[in-house]
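# Residue-level structure breakdown
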Amino acid sequence: MGDFGSDSEDSDGEGGLGNVSRVIIRPPGHSGKAKRGHLCFDAAFETGNLGRVDLVGEFEYDLFLRPDTCNPRYRFWFNFTVDNVKQDQRVIFNIVNINKNRNLFKDGMTPLVKSSSRPKWQRIPRCEVFYYKSVIHQNHYVLSFAFGFDKEDEVYQFALTFPYSYSKLQAYLNALESKFPESFERTTLGMTVQNRKLELITFDDVKKPDKVDQKNIIHMVVVFARIHPGESPASYVVQGLIEYLAAANQPISKALRENVVFKIIPMLNPDGVFLGNNRCNVIGHDLNRSWNKMSQYTHPTLAAAMKMLKEYDNSSCYQVDFVIDIHAHSSLTGTFIYGSTYDNVYRYERHLVFPKLFASKCEDFCQEHMMFNADDRKSGTARRYFVEALSDNVNTYTLEVSMCGYYLNDTNVLTQYTEDGYMRIGRNLARTFLEYYRFTNILPIPPVDELRPRKGRPRTHRPRARSRTRSEVRLRPKTVRTYAPISYTDLSICYDTDTSNEGSPIRYMYSNYGGFRMRALGPPDQYSLSNIQTARFSNLDFSSDYRFKVTPKPKTAPEHKMPPIEILTVPPKPCLTIIDFNQLTRGGLDEATSGRKLDREKEKIRRHTFKSSSRKA
């Protein structure tokens, strides 16, 4: 299996349950030792998924995905390797049993590929990928892609999207904890059915008051992801959030840690992730449809997470403000939020504030896909169940990120997501929390100089001597100004990242981790999870926390009358005419510019007429 076997030390027979394991496909009539060019397929490793391979032609293969364990309904995630290839060998792979007909393969998404010597994930070109309804396969939709193996002695790996395994998470947290042991608190919230850890990451630098009441109650944010194993981009979003919160040099991170407690569960379904399932856990249950019927024996991770939420929600010390469930969407583009609807108008308006702030921070946010409903069919999801299970002050959202990409600035240009692009969403999520808590007067707004200090002049600088004779200052003549509201946006698109290498998944080496704020030893006992009081704040009105205070401006001058409307009219935004010279034919340039020439001729005639009339007058 080459370099891909080093992803996990736990990659044993358990992880390859039902997957092909070093299966060599020989042509008909060939027996004996396999020759170079007889492809060897393998998916018996962590997060692997490939159930069967059939040779249907000289260079064409039908691939069958393994369904989720104990649930044959879900077949979408795939992750497998191919070796024993021949140089310049070209093949066609047909994935013939995808259960979701409506997915992003219709909109331009393509599989990922990497090899032993090129460990960075790359997308297969769109011209080589086809998604169609096949008559040969009983009118089922088939994903076909052509690929050419350019090097021998290489192991090629193909995947639906960027994999993020359970062992990769463990390695990342171990390295982060060993290098910065006091930057965050790492605990085990519970164990899974197959006895894997349910990790809980806590950021808590909040100064605990001596006496807790409604005015100095501690605010909390709970974030969890990867309840569906096949939605691996959610893990990169969580990693970006963790890295941003842990950066001690960032003023935003410091302000958040010192005023808000963050509880992050990066992987809520470790068993499903390890087995390479698409949606279910080890016993075939969709955990995001099981919140309303959870069991300690069949859904231990849900029970542990719900117990923590209940204890903090019933506490007299903490107030849970947000519960955000991060997912990856397989049929929509962009980043968007699902919320709920409420009969209480004030609660519903408060529920809309955070998505609006988040949309202003993300250039890839798609408002068209945002949805707020109270669908009974989704009663088992975290977003719908927590509305009734937790207090009224808790806002529960589902944050969706596309498995493919987003359309750039409302155009038809599809920008593919990368690993760093997903982590950028996590950083934008942290910035949105800062805006929200400032908007609700919980975080103080520091001066601009504290956030962005200006660099002073060097000491060697000597000011220029001023002349004693003062020159007369002439008044600037009044001119008519035209406004051109053109804004430039930094896209910050990064196509190459270092996290593609499974052997080095850690992103903490860059400059944002220049230093971590060293926190004191554990918090007082009254704030620990085991000693949280169970008494509710039944007599408190939390609606007062969300009243937005507006300071009226002092009236220093009498009000003036409103000028005429035509004076306040803002000129339209200037537009540029772009001509694609590569697609112009003979005479096409004249046709493209004839409209502008005609406008210039009309302007000359108008000016000439105006001058003539002025001279006559």
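Residues numbered from 1 in each chain as written. Predicted model: local features only at pLDDT ≥ 70, side-chain atom pairs only at ≥ 80, totals over all residues. Heavy atoms only, no water.

Here we come to the packing of aromatic side chains. Applying the stated criterion to the full structure yields 41 aromatic pairs. With a centroid separation of 4.8 Å and 75° between ring planes, the pair formed by Phe 322 and Tyr 436 is classed as edge-to-face. Of this pair, Phe 322 sits in strand β16 (residues 318-329) while Tyr 436 sits in helix α9 (residues 419-439); the two residues are 114 residues apart in sequence, bridging distant segments of the chain. With relative accessibility at 0%, the residue Phe 322 sits in the buried group. Summarising the aromatic geometry, the rings of Phe 354 and Phe 358 are spaced 6.4 Å apart at their centres and angled 10° between planes, so their arrangement reads as stacked. Linking Phe 354 with Phe 358, this pair stays in helix α7 (residues 353-361), spanning four residues, or about one helical turn. Summarising the burial analysis for this pair, Phe 354 and Phe 358 share the class buried. Chaining the aromatic ring pairs together yields one cluster made of Phe 41, Tyr 61, Phe 78, Phe 80, Phe 93, Phe 145, Phe 147, Phe 149, Tyr 156 and Phe 158. (Phe/Tyr/Trp six-rings, centres within 6.5 Å; stacked < 30°, edge-to-face > 60°. Helix = DSSP H or I, 4+ residues; strand = E, 2+ residues; numbered from the N terminus. Buried < 20%, exposed > 50% of the residue type's maximum accessible area, 1.4 Å probe, protein only.)

What follows covers the pattern of salt bridges. The full count for this structure, using the stated rule, is 15 salt bridges. We note a salt bridge from Asp 271 to Arg 196, for which the minimum N-O separation is 2.9 Å. Remark: Arg 196 occurs in the loop between β12 (185-191) and β13 (197-203) and Asp 271 occurs in helix α4 (residues 270-275); sequence separation between them is 75 residues. Note on Arg 196: relative accessible area 7%, which makes it buried. Among the salt bridges present, the one from Arg 279 reaches Asp 286, with a minimum N-O distance of 2.7 Å. The two residues Arg 279 and Asp 286 agree in class, both being buried. Each of Arg 118, Asp 150 and Glu 154 takes part in one network of salt bridges that share partners. (Salt bridge = Lys/Arg side-chain N within 4 Å of Asp/Glu carboxyl O.)

On to the nonpolar core. Within the largest apolar cluster, 99 residues are counted, with the highest numbers of intra-cluster contacts made by Phe 41, Phe 93, Phe 149, Phe 158 and Ile 324. In terms of nonpolar packing, the next biggest core, distinct from the first, is built from 30 residues, Met 308, Tyr 312, Cys 317 and Val 320 among them. (Core = buried A, V, L, I, M, F, W, Y, C linked by side-chain atoms within 4.5 Å.)

Per the UniProt record, "active site" (unreviewed entry) is annotated on Glu 400. Relative to the helices and strands, Glu 400 is located in strand β19 (residues 395-402). Discounting residues that sit within four places of it in the chain, Glu 400 has contacts with His 327, Ala 328, His 329, Gly 334, Thr 335, Phe 336 and Tyr 338. (UniProt positions renumbered as here; feature names shortened; annotations may be inferred. Contact = heavy atoms within 4.5 Å.)

So, about the sheet that holds β12. If you trace the eight strands from one edge of the open sheet to the other, you get β12-β13-β15-β14-β16-β19-β17-β18, paired in mixed fashion. The open sheet terminates on both sides in strands that have one partner only, identified here as β12 and β18 (371-373). Going across the sheet, the axis of each strand differs from the next one's by a mean of 20°, ignoring polarity. Where strand β17 (residues 335-340) and β18 come together, three bridges link them in parallel fashion. Paired with Ser 340 across the two strands is Asn 373, which belongs to β18. (Pairing = 2+ DSSP bridges. Axes fitted to C-alpha atoms, helices over the stretch in contact; angles between N-to-C directions.)

Before going further, it helps to examine the sheet that holds strand β2 (residues 40-42). Taken together, six strands build an open sheet; the order of strands is β1-β2-β5-β11-β7-β8 and the sheet is antiparallel. Strand pairing shows two members of the sheet lacking a second neighbour, β1 (23-24) and β8 (122-123), which therefore form its edges. Pairing of β1 with β2 involves two bridges; the strand directions are antiparallel. Across the sheet, Ile 24 pairs through a bridge with Cys 40, a residue of β2.

Turning to a positive patch on the surface, a few remarks are in order. A surface patch of like charges, here positive, comprises Lys 100, Arg 102, Lys 106 and Lys 133. You can call Arg 102 exposed: its relative accessible area is 55%. (Patch = residues over 30% accessible without salt bridge, like charges linked within 9 Å, V, L, I, M, F, W, Y side chains within 5 Å. Areas by Shrake-Rupley, 256 points an atom, 1.4 Å probe, with all protein chains shown as cover. Lys, Arg positive; Asp, Glu negative; His and termini not counted. Charge placed at Lys NZ, Arg CZ, Asp CG, Glu CD.)

Bringing the side chain of Glu 231 into the picture now. Take Glu 231: it is sitting in the loop between β14 (218-225) and α2 (233-246). Look at Glu 231: it is buried, it has no salt bridge, and the nearest opposite charge is Arg 279 at 4.3 Å. A polar atom in the side chain of Glu 231 sits 3.0 Å from the side chain of His 327. Looking at Glu 231, its side chain comes within polar contact range of the main-chain nitrogen of Ala 328, at 3.2 Å. Apart from the residues lying within four places of it in its own chain, the contact partners of Glu 231 are Arg 226, Arg 279, His 327, Ala 328 and Met 403. (Polar contact = N/O pair within 3.5 Å; in protein donor to acceptor, adjacent residues only side chain to side chain.)

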